[in-house]
Amino acid sequence: KTNVMFLKTHKTASSTVLNIMFRFVEKYNLTVALPADQLVHLGYPNTFLARFVEDFEAVGQNYNIMCNHLRFNPSEVQKVMAANSYFSILRNPISLLESSYIYYKDSVPAFTISKDVNEYLASPMKYYHPADYWQNIYARNIMWFDFGYDNNAEDKQQYVQTVLEEIEQNFHLILIADYFDESMILLKHELCWDLDDVVYFKLNSRSQDTIQTLNPESKERIKTWCSLDWKLYLHFNQSFWRKIEETIGLEELAKEVNLLRSRQKELMETCLLDREAVGKDHIKDKALLPFQSGAAHILGYNLKQDLDKRTLKTCQKMVMPELQYMSYLYAVQHP
């Protein structure tokens, strides 16, 4: 399948998925719906409109891939991408909130004025002021918001059920970041892709020293504070495993995950100088330096020097940070 829309959610390993999508675009010479006016997002956090896509008036529904951040709006997305292969990814809201806290510490008022993530969660309403709602979207039910819904809505059973059903109708696949390798195998099966199409190096991840430990009370509080995200996650985590059992089976899944991991290891040995991600101060080629946000210390990679031209190109694309890859594709598609 070459016509695919990926709803890129926040802090869910979605930058790694984006890199997979961009490499697929290049491999098969496809067109990608990039943000108009060289912006980073497709209008986010505003609800998506087709005109947020570069050259939409001229290209219409002839894009193959759409995968940049947007706030989902089915009727407008369908103007750009026919409703055939839509997929997205979710992450456990407990680790998601801690990740958001560090990443958006400097830009989200609710996070800025609290000392650390545990203090914030001890009494979120002390820091999360409804008047700053628009600046605080990352501080509560961010996945619910990304799917186009009100992240401050009341958690009522009928409402939640309706939303879950709508998402199921709009998306034929929801992956789970906590099971990333399993997700890539499921994606490969659903889209009839090759193993090399879903092999990846982890992108936009942060150094261990910037992770804050959530105390047991905070973990429980997240389930209540982000209850819409929690229900979204529980529901689609179940359907994810159901889909795996129906389409692949757990035994075959384990085999394919091993193949994916050994292919990844092989590529790391081929491409990477340090065979792992390194801190921002240790990245030698500044063109491969990922965007740094908040207190997160985003890691990157160093490539080996003596690679032949073709291998170098493959390796470069696998480690290329999101913003650099976007502007490269922008220059190719919109010279």
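Okay, so let's go over this structure. Remember, it's a predicted structure, so these values are computed and weren't measured experimentally.

What counts and how
Residues numbered from 1 in each chain as written. Predicted model: local features only at pLDDT ≥ 70, side-chain atom pairs only at ≥ 80, totals over all residues. Heavy atoms only, no water. Salt bridge = Lys/Arg side-chain N within 4 Å of Asp/Glu carboxyl O. Helix = DSSP H or I, 4+ residues; strand = E, 2+ residues; numbered from the N terminus. Expected span 1.5 Å × (residues − 1). Buried < 20%, exposed > 50% of the residue type's maximum accessible area, 1.4 Å probe, protein only. Pairing = 2+ DSSP bridges. Disulfide = S-S within 2.5 Å. Patch = residues over 30% accessible without salt bridge, like charges linked within 9 Å, V, L, I, M, F, W, Y side chains within 5 Å. Areas by Shrake-Rupley, 256 points an atom, 1.4 Å probe, with all protein chains shown as cover. Phe/Tyr/Trp six-rings, centres within 6.5 Å; stacked < 30°, edge-to-face > 60°. Lys NZ or Arg CZ within 6 Å of the ring centre and 35° of its normal.

**Quick look at the pattern of salt bridges**
Okay, so step 1: Inspection of the entire model under this criterion finds 18 salt bridges.
Okay, so step 2: Across the pair aspartate 155 and lysine 231 runs a salt bridge, and its minimum N-O distance is 3.0 Å. Of this pair, aspartate 155 sits in the loop between α8 (142–146) and α9 (157–170) while lysine 231 sits in helix α13 (residues 227–247), and the two are 76 residues apart along the sequence.
Okay, so step 3: Where salt bridges share partners, they join Lys27, Asp194 and Asp197 into one cluster.

**Describing helix α1 (residues 14–27)**
Okay, so step 1: Taking 1.5 Å as the rise per residue, α1 with 14 residues should run 20 Å; its terminal C-alpha atoms sit 20 Å apart, in good agreement.
Okay, so step 2: Within α1, 12 of the 14 residues are buried, leaving the element largely enclosed by the surrounding structure.
Okay, so step 3: Three or more residues of α1 are buried, namely Ser14, Ser15, Thr16, Val17, Leu18, Asn19, Ile20, Met21, Phe22, Arg23, Phe24 and Val25.
Okay, so step 4: Asparagine 29 sits one or two residues past α1 and shows a positive phi near 55°.

**What about the sheet that holds strand β3 (residues 86–90)?**
Okay, so step 1: If you walk across this open sheet you meet the four strands as β2-β1-β3-β4, and the pairing is parallel. Only two strands of the sheet have a single partner each, and these edge strands are β2 (65–66) and β4 (173–176).
Okay, so step 2: In this structure, strand β1 (residues 4–7) lies alongside β3, joined through three bridges in parallel fashion. Across the sheet, residue methionine 5 finds its bridge partner in β3, namely tyrosine 86.

**Describing the state of the cysteines**
Okay, so step 1: Counted according to the given criterion, the structure contains one disulfide.
Okay, so step 2: There is a disulfide in this structure between cysteine 271 and cysteine 315, and the S-S distance comes to 2.0 Å. Disulfide cysteine 271-cysteine 315: torsion about the S-S bond near -70°, hence left-handed. On the criterion of sequence distance, the pair formed by cysteine 271 in helix α14 (residues 250–271) and cysteine 315 in helix α15 (residues 309–319) is long-range, its members being 44 residues apart.
Okay, so step 3: A relative accessible area of 0% means that cysteine 271 is categorised as buried.

**A look at a nonpolar patch on the surface**
Okay, so step 1: A contiguous nonpolar patch, built from Val40, Phe291 and Leu323 and spanning about 250 Å² of accessible area, is present on the exposed surface.
Okay, so step 2: With respect to the secondary-structure elements, phenylalanine 291 resides in the loop between α14 and α15.

**Observations regarding α13**
Okay, so step 1: An ideal rise of 1.5 Å per residue puts 30 Å on 21 residues; α13 measures up with 30 Å between its terminal C-alpha atoms.
Okay, so step 2: Ser227, Leu228, Asp229, Trp230, Leu232, Tyr233, Phe236, Asn237, Ser239, Phe240 and Ile244 are the residues of α13 that are buried.
Okay, so step 3: A positive backbone phi angle near 90° is found at glycine 249, which sits one or two residues after α13.

**A word on unusual backbone geometry**
Okay, so step 1: Here the amide bond leading from tyrosine 44 into proline 45 is cis, since omega sits at 5°, within 30 degrees of zero.
Okay, so step 2: Its location among the elements puts proline 45 in the loop between α1 and α2 (56–59).
Okay, so step 3: For aspartate 55, which is not glycine, the phi torsion reads 65° and is therefore positive.
Okay, so step 4: Assignment of secondary structure puts aspartate 55 in the loop between α1 and α2.
Okay, so step 5: We classify aspartate 55 as partly exposed; its relative accessible area is 38%.
Okay, so step 6: Positive phi, close to 60°, is recorded for arginine 275, a residue that is not glycine.
Okay, so step 7: Structurally, the position occupied by arginine 275 is in the loop between α14 and α15.

**Considering the pairing of β4**
Okay, so step 1: Alternating residues of β4 divide into Leu173 and Leu175 and Ile174 and Ile176, and every residue in both groups is buried.
Okay, so step 2: As defined by bridge partners, β3 adjoins β4 across four bridges and the pair is classed as parallel. From the neighbouring strand, serine 88 faces β4, where its bridge partner is isoleucine 174.

**Considerations on the packing of aromatic side chains**
Okay, so step 1: As enumerated under the stated definition, the model contains 28 aromatic pairs in all.
Okay, so step 2: Seen from their ring centres, phenylalanine 24 and tyrosine 28 are 4.7 Å apart, and the 50° between their planes marks the pair as tilted.
Okay, so step 3: Classification of phenylalanine 24 by relative accessible area gives buried; the value is 4%.
Okay, so step 4: Among the residues examined, tyrosine 28 registers a relative accessible area of 36% and is labelled partly exposed.
Okay, so step 5: Relative to tryptophan 241, the ring of tyrosine 179 has its centre 5.0 Å away and its plane inclined at 80°; by these criteria the two rings are edge-to-face. Taken together, the positions of tyrosine 179 in the loop between β4 and α10 (180–191) and tryptophan 241 in helix α13 put the pair 62 residues apart, joining distant regions of the chain.
Okay, so step 6: Overall, tyrosine 179 belongs to the partly exposed group, its relative accessible area being 31%.
Okay, so step 7: Feature note: the residues Tyr101, Phe111, Tyr120, Tyr127, Tyr128 and Trp225 constitute an aromatic cluster, connected by ring pairs.
Okay, so step 8: One Lys or Arg, lysine 11, reaches over the ring of tyrosine 103 and ends 3.4 Å from the middle of that ring.
Okay, so step 9: Across the ring face of tryptophan 225, the terminal group of arginine 140 is positioned such that the distance to the ring centre comes to 4.0 Å.

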